Amino acid sequence: MAPRVVSVEADGGSRGNPGPAGYGAVVRDAETGEVLAERSESLGTATNNVAEYQGLIAGLTAAAELGVAEVDVRMDSKLVVEQMCGRWQIKHPGLRPLAAQAAVLVGRFAAVRFAWIPREQNRHADALANAAMDAAAGRPPSAPKTGQPPATPATGSDPATAPASWEPRPSFTATRLILVRHGETEYTEQRRYSGRGDVPLSEKGRAQVRATGARVAELAPSVGAVLSSPLSRCTATAASIAEALGGDVPVRTEDDLIECDFGQWEGRTFTEVRERWQGEMDAWLASPRIAPPGGESFTHVAERAHRVVTGLLTAYPGETVVVVSHVSPIKLMLRDALAAGDGFLHRLFLDAAGISVLDMWPDGGVAVRTVNDTAHLAKID
C-alpha cells in the first residue's frame with residue numbers, strides 16, 4: 001500500500017546547455033525515506049531548464065501512479081521551484097508547455113508543496129540525471145561523486161530565462177478567486193467552534209455582508225460565478241454579494257465548501273475543549289491528519305478544497321469567481337497557494353467577512369494578492 005505523502009526529488013541538466021541532456025527523479029516515502037520509484041531518461045539535445053522540468057514531470061507522474069495524496073517536491077533548481085510557485089515569470093516559450101504539463105499533474109493531488117534544496121541534498125536524482133546525460137552523449141556512466149558538485153553541472157539556469165525578480169505574466173490570463181469568509185454569527189462572537197451546525201448570521205453579521213458585497217463589487221465588476229457553502233451563514237453572505245453585483249450572477253452551493261466537522265467540539269470554546277480533551281487537542285494541533293473526536297481532519301478538508309479550486313480553474317479559465325466559505329477551507333486554499341507549511345493553519349487569523357484574493361495561471365503560477373482584507377468593515381466595527 002502506497003503512503004499518503006511522498007517526496008519527489010528531481011534533477012536535470014545538459015552537457016553544454018544546450019547539449020546532451022537527461023533527467024532523474026526519485027520518489028520516497030516522506031516518513032521513512034524508502035525509495036518507492038526511480039525515473040531517468042536521456043533527452044537528446046536540450047537545455048538545463050528543459051531537462052529540469054522533464055525531471056519534475058517524471059517524478060510527479062511516478063507519484064501519481066502510486067496513488068498518493070500529497071507530494072513534497074524537492075529540487076535544487078531555483079528557477080523551476082520559483083516558477084511553479086508563481087513567483088517568477090516563465091519568459092522562455094519552450095518552458096511554458098512543460099510548466100503547464102507539470103501544473104496538470106499537480107492538480108491530481110490533494111496537495112503539492114515545492115521547496116528548493118542545495119545540490120548536495122539532491123545527490124540521488126543528480127546521479128540519475130548525470131547517467132542519463134552520459135548516455136545522451138554516448139559516454140560511459142560517470143562514477144558517483146561525493147564532496148564538491150560535478151564540474152559539469154547537472155542543473156543550471158539559462159541566463160536568458162532566469163528573471164532577476166517576479167514580473168506579471170503578460171502572456172496568460174489568470175483565474176481570480178475572491179475568497180470570502182461568511183459574516184459574523186453568535187458563535188463567531190463567542191469564539192466557539194462552529195462547523196456543520198447551521199448557525200445564522202447575527203445582526204452585526206448581516207451588516208458586515210452588506211459592506212462585503214459592496215467591496216466585492218468594487219474589486220470585480222464582472223464575475224463568472226458565486227459559489228457558497230450550503231450553510232445559511234454562507235448562503236446569506238453570498239446572496240448579499242450577488243445582489244451587490246447586480247443580481248445577474250446566481251449563487252451556486254457547493255458541498256465541498258462546507259466547514260470542517262468539529263465533531264464533539266462543536267459549539268464549545270477553545271478553553272472548554274482544552275479542559276476536556278487536552279490530549280486530543282494537542283494531537284490535532286500537531287498534525288492536520290488528526291480529526292477531533294467524531295469529526296473531520298484538515299487533510300480531508302484540504303482534499304475538498306482542492307477539488308473546488310481545480311474545478312473552478314477548469315470551468316472558469318481567465319474569469320473571476322467569488323467563493324464564500326468558512327475559516328478552514330479558506331485557510332487551506334491559502335496554505336496551498338502560498339506553499340506554506342501546516343503550522344500556517346493555526347497561525348493565520350481570518351475575520352468574519354474578511355476577503356482574500358488570489359490569482360492562478362494556467363501554467364501553474366499563483367499570486368496571493370490579499371489576505372483577510374477587512375477595511376470595508378471599519379465603520380461597522
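Conventions and cut-offs
Residues numbered from 1 in each chain as written. Predicted model: local features only at pLDDT ≥ 70, side-chain atom pairs only at ≥ 80, totals over all residues. Heavy atoms only, no water. Helix = DSSP H or I, 4+ residues; strand = E, 2+ residues; numbered from the N terminus. Rg over C-alpha atoms; globule rule 2.2 N^0.38 Å. Buried < 20%, exposed > 50% of the residue type's maximum accessible area, 1.4 Å probe, protein only. Contact = heavy atoms within 4.5 Å. Areas by Shrake-Rupley, 256 points an atom, 1.4 Å probe, with all protein chains shown as cover. Lys, Arg positive; Asp, Glu negative; His and termini not counted. Charge placed at Lys NZ, Arg CZ, Asp CG, Glu CD. Pairing = 2+ DSSP bridges. Expected span 1.5 Å × (residues − 1). Phe/Tyr/Trp six-rings, centres within 6.5 Å; stacked < 30°, edge-to-face > 60°. Salt bridge = Lys/Arg side-chain N within 4 Å of Asp/Glu carboxyl O. Polar contact = N/O pair within 3.5 Å; in protein donor to acceptor, adjacent residues only side chain to side chain. Disulfide = S-S within 2.5 Å.

Caption draft 1: Focus on the overall build of the chain. Within the chain, the regular secondary structure consists of 11 helices and 11 strands. Against the compact-globule benchmark of 21 Å for 381 residues, the chain has a radius of gyration of 23 Å, which places it among compact chains. Taken across its 381 residues, the chain has 53% of its residues classed as buried. Considering only intrachain contacts with a sequence separation of at least 6, the fraction spanning at least 24 residues in the chain is 74%. Accessible area of the chain: about 16,200 Å², with a carbon and sulfur share of 51%. Across the chain, the mean location of the 38 positive side-chain charges is 3 Å away from that of the 46 negative side-chain charges.

Caption draft 2: Geometry of unusual backbone geometry. A cis amide bond links N17 with the next residue in sequence, P18, at an omega value of 5 degrees. Inspection of the secondary structure puts P18 in the loop between β1 (5–14) and β2 (19–29). One non-glycine residue, R191, lies in the positive phi region at around 60 degrees. The topology assignment puts R191 in the loop between α5 (186–189) and α6 (203–219). Positive phi, close to 65 degrees, is recorded for A353, a residue that is not glycine. With respect to the helices and strands, the residue A353 is situated in the loop between α11 (327–337) and β10 (355–360). Residue classification places A353 among the buried residues on the basis of a relative accessible area of 0%.

Caption draft 3: Fine view of the pairing of strand β11 (residues 366–373). The pairing of β10 with β11 spans 5 bridges and is antiparallel. Pairing of D359 across the sheet is with A367, part of β11. Between the antiparallel neighbours β10 and β11 lie 5 residues, among them G364 with a positive phi of about 100 degrees.

Caption draft 4: Up close: helix α10 (residues 298–315). If you check α10, its first and last C-alpha atoms are 25 Å apart, about what 18 residues at 1.5 Å a residue would give, namely 26 Å. Residues F298, T299, V301, A302, E303, R304, A305, H306, V308, V309 and L312 constitute the buried set of α10.

Caption draft 5: Representation of the packing of aromatic side chains within the structure. Using the criterion set out here, one finds 6 aromatic pairs in the structure. A centroid spacing of 5.4 Å and a plane angle of 45 degrees characterise the contact between W284 and F298, whose relative ring orientation is tilted. In this pair, W284 sits in helix α9 (residues 278–286) while F298 sits in helix α10, placing the two residues 14 residues apart along the sequence. According to the relative accessible area criterion, W284 is buried, its value standing at 4%. Assessed through its relative accessible area of 8%, F298 is described here as buried.

Caption draft 6: How the structure looks around the side chain of E52. Mapped onto the secondary structure, E52 falls in helix α1 (residues 48–66). R119 is the oppositely charged side chain nearest to the buried, salt-bridge-free E52, at an N-O distance of 7.1 Å. Side chain to side chain, E52 and S77 meet in a polar contact 3.0 Å long.

Caption draft 7: View of the side chain of R335. Following the sequence through the fold, R335 ends up in helix α11. Taking relative accessible area as the criterion, R335 reaches 3% and is therefore assigned buried. Excluding residues within four positions of it along the chain, R335 makes contact with A111, R113, A302, A340, G341, D342, F344 and L345.

Caption draft 8: Geometry of the state of the cysteines. The final tally for this structure, using the stated rule, is 0 disulfides. Just so you know, C234 is unpaired, no disulfide at all, and the nearest cysteine sulfur is the one on C260, 14 Å from it.

Caption draft 9: How the structure looks around the environment of H306. Position of H306 relative to the elements: it lies in helix α10. On a C-alpha basis, the gap between H306 and G107 in space is 8.0 Å, while along the polypeptide they are 199 residues apart. If we skip the residues at most four places from it in the chain, H306 touches V106, G107, F109 and A110. Only 2.4 Å separates the side chain of H306 from the backbone oxygen of F109, close enough to count as a polar contact.

Geometry only, nothing functional implied.
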